[in-house]
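# Observations on chain architecture
Given next are the chains, with one letter for each unit.
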Amino acid sequence: MKQFHVTLERKMLLKRYQLFSRVLFSCLFIFPIFLAACGAKLGTIQQQDVDTQLTQAEKAIKSAREVNAPSLAFEEFEQAETYLEKAREALDENNGVDALRFATQTITHAKIAQRKAVHNTKNAELNANILEKDALIVELRKDINTKKTEITGLENGIQQLRENETGLQRTIRTLENEKRELADTGKISERKATELNEVLKSLQARVARSETDVHNYGLQVKELSRKLEVAETMAKSASKQKRAVVAEAESLRKQLREQAKVYTGMLEKAKKQNIAAEHQEYMKKTAEQSREFSKQLPSNKSPRTRRTSLSTAQINAGKAVLSKWEKEWNSKNVDTHLAFYIPNFTVKKILVQESKENESIIDPSQIAAAFREMNAQSWGKKESFSEVEQESVIGTYSFSRLVTPAQTEDDTALYDYWTREVWCHQVQGEWKIYRETWQIYENIPEL
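The paragraphs below set out a description of the structure included in this document.

Reading the values: the criteria
Residues numbered from 1 in each chain as written. Predicted model: local features only at pLDDT ≥ 70, side-chain atom pairs only at ≥ 80, totals over all residues. Heavy atoms only, no water. Helix = DSSP H or I, 4+ residues; strand = E, 2+ residues; numbered from the N terminus. Buried < 20%, exposed > 50% of the residue type's maximum accessible area, 1.4 Å probe, protein only. Areas by Shrake-Rupley, 256 points an atom, 1.4 Å probe, with all protein chains shown as cover. Patch = residues over 30% accessible without salt bridge, like charges linked within 9 Å, V, L, I, M, F, W, Y side chains within 5 Å. Salt bridge = Lys/Arg side-chain N within 4 Å of Asp/Glu carboxyl O. Lys, Arg positive; Asp, Glu negative; His and termini not counted. Charge placed at Lys NZ, Arg CZ, Asp CG, Glu CD. Pairing = 2+ DSSP bridges. Phe/Tyr/Trp six-rings, centres within 6.5 Å; stacked < 30°, edge-to-face > 60°. Core = buried A, V, L, I, M, F, W, Y, C linked by side-chain atoms within 4.5 Å. Contact = heavy atoms within 4.5 Å.

With that settled, the discussion passes to the overall build of the protein. Secondary structure assignment for the protein yields 9 helices and 6 strands. Among the 447 residues that make up the protein, the fraction classed as buried is 28%. Surface exposure of the protein reaches about 29,900 Å², of which carbon and sulfur atoms provide 53%.

Written as structure tokens, this is what we have:
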């Protein structure tokens, strides 16, 4: 609409200029004839009048040249110069009327050329202004479309955030229910632990009784051996009672074999049934306590809001850095592995021994040595996963190593378990790890 008004204004200005030019040209064209007629009546034209008119013509030519008429109004300016040359030739021939007429025509064409040059300059400026405004309009429309696209994206983002909020509220309710279930499970576990303690006490009493029986049978075996030695001595010294002694010796040997058999059987039974049962129950209890304790691991973690301001590209960049960090650890490149951390990072260590937690912070001067010590051990990876929280990407990695292998089929192998939780975020555009938590469980059965 604005462009239309500018174009209309230009057309009206051009029409007024054309009308003015026609009137001016007519007047200037008639003026020499009028002068000629008057000159004929008044007599000879004065040299001073011709010189004045030529001076005016030269000034008109100069004024037209100053507005670049030779380029912007070439035809009119060329005619003006031609008439000026003719006026000078007529003056040299002492033809005052023609000199005056040509000088006047020079002024007329020079002024027309000046007007056209000014008009063309203004037209060029107006056209440039119109093009500039058109470009501005295109840019503004582009900006408007961009803003509309951004608004649509923001509205979609708001809708997505609302859906995420609804999902998080459902997750919170689910976690609260799980928390209540864990509390109930904890009570059940305490009750089971009490029952297992009672069973353990009963088994310990049975083991004590079995050990007493074994000791008594051992004494009986020794007594029977002593009697056997006496009988054999009597057999050598008293041939008269040889048969009786031999019979008694045979009887004693038979009793000794039977008692030894009973003794051996009870010893095996004590070992395999009582002692093995006690060990099995103890290991079962220990494994159960370990599993119950492992279910409480989230209590050692920092609280999660499950909200993040990171984009998908940022999250993927953080995960890629954690992947490189893990690769350097597996390759035993501890120095390169440590290069992924900020200078003043912290490592919290939670050591669990016999279901008791000992929490500490590794001294910054000992962190490199602690990393090398752990890297030198034969850890096997169990599992790993990643998550996001606020402006951080979190990686959790679990490892285990065999500490005490099972000696027999009735034994239970014991392991050390190590969980690493690392937090990384962007520092001046680069992803760095700024804190880490270790959880180490010593001498527990395989989970």
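From this point, things continue past the structure.
Bringing a negative patch on the surface into the picture now. On the surface, Glu 85, Glu 89, Asp 92 and Glu 93 cluster together into a patch of negative charge. For Glu 93, the location among the structural elements is in the loop between α4 (74-92) and α5 (96-237). Residue Glu 93 is classed as exposed on the basis of its relative accessible area of 62%.

Attention shifts here to the pairing of strand β4 (residues 392-404). Moving residue by residue along a regular strand, the side chains alternate between the two faces of the sheet. Relative to β4, strand β3 (residues 380-389) is paired through 9 bridges, and the arrangement is antiparallel. Within the sheet, the bridge partner assigned to Ser 386 lies in β4 and is Gly 395. Hairpin connection from β3 to β4: 2 residues lie between these consecutive antiparallel strands, with Gln 390 at a positive phi of about 55°. Sheet topology places β4 next to strand β5 (residues 414-427); 11 bridges connect them, and they run antiparallel. Its bridge partner being in β5, Arg 401 is matched across the sheet by Asp 416.

A word on unusual backbone geometry. With the exception of glycine, most residues fall at negative phi, and the peptide bonds are largely trans. In the Ramachandran plot, Asn 68 falls in the positive-phi region, its phi being about 70° despite a non-glycine side chain. Its location among the elements puts Asn 68 in the loop between α2 (47-66) and α3 (69-72). Owing to a relative accessible area of 38%, Asn 68 belongs among the partly exposed residues under this scheme. Residues other than glycine seldom take positive phi values, yet Lys 332 does so here, at roughly 65°. Within the secondary structure, Lys 332 is located in the loop between α7 (312-330) and α8 (334-338). You can call Lys 332 partly exposed: its relative accessible area is 49%.

Turning to the packing of aromatic side chains, a few remarks are in order. Across all of its chains, the model carries 12 aromatic pairs by this definition. Judged by centre distance (6.1 Å) and plane angle (20°), the rings of Tyr 83 and Phe 102 are stacked. One end of the pair, Tyr 83, is in helix α4; the other, Phe 102, is in helix α5, with 19 residues separating them in the sequence. For Tyr 83, a relative accessible area of 22% corresponds to the partly exposed category. Take Phe 102: its relative accessible area is 13%, and that puts it in the buried class. Consider the rings of Trp 329 and Trp 418, whose centres lie 5.8 Å apart with planes at 65°: the pair is edge-to-face. Pair noted here: Trp 329 is in helix α7 and Trp 418 is in strand β5, with a separation of 89 residues, a long-range link.

A separate point is the nonpolar core. Where a protein is soluble and globular, its nonpolar side chains tend to be buried together. In terms of nonpolar packing, the biggest core is built from 29 residues, with Tyr 341, Phe 371, Trp 418, Ile 433 and Trp 438 touching the most fellow members. Breaking this core down by element, the ones donating at least two residues are α7, α8, β1 (341-353), α9 (367-376), β4, β5 and β6 (430-444). Per-element tally for this core: the top contributor is α7, with 5 residues. With near-sequence residues (within four places) excluded, Tyr 341 lies in contact with Trp 325, Phe 371, Arg 420, Val 422, Lys 432, Ile 433 and Glu 436.

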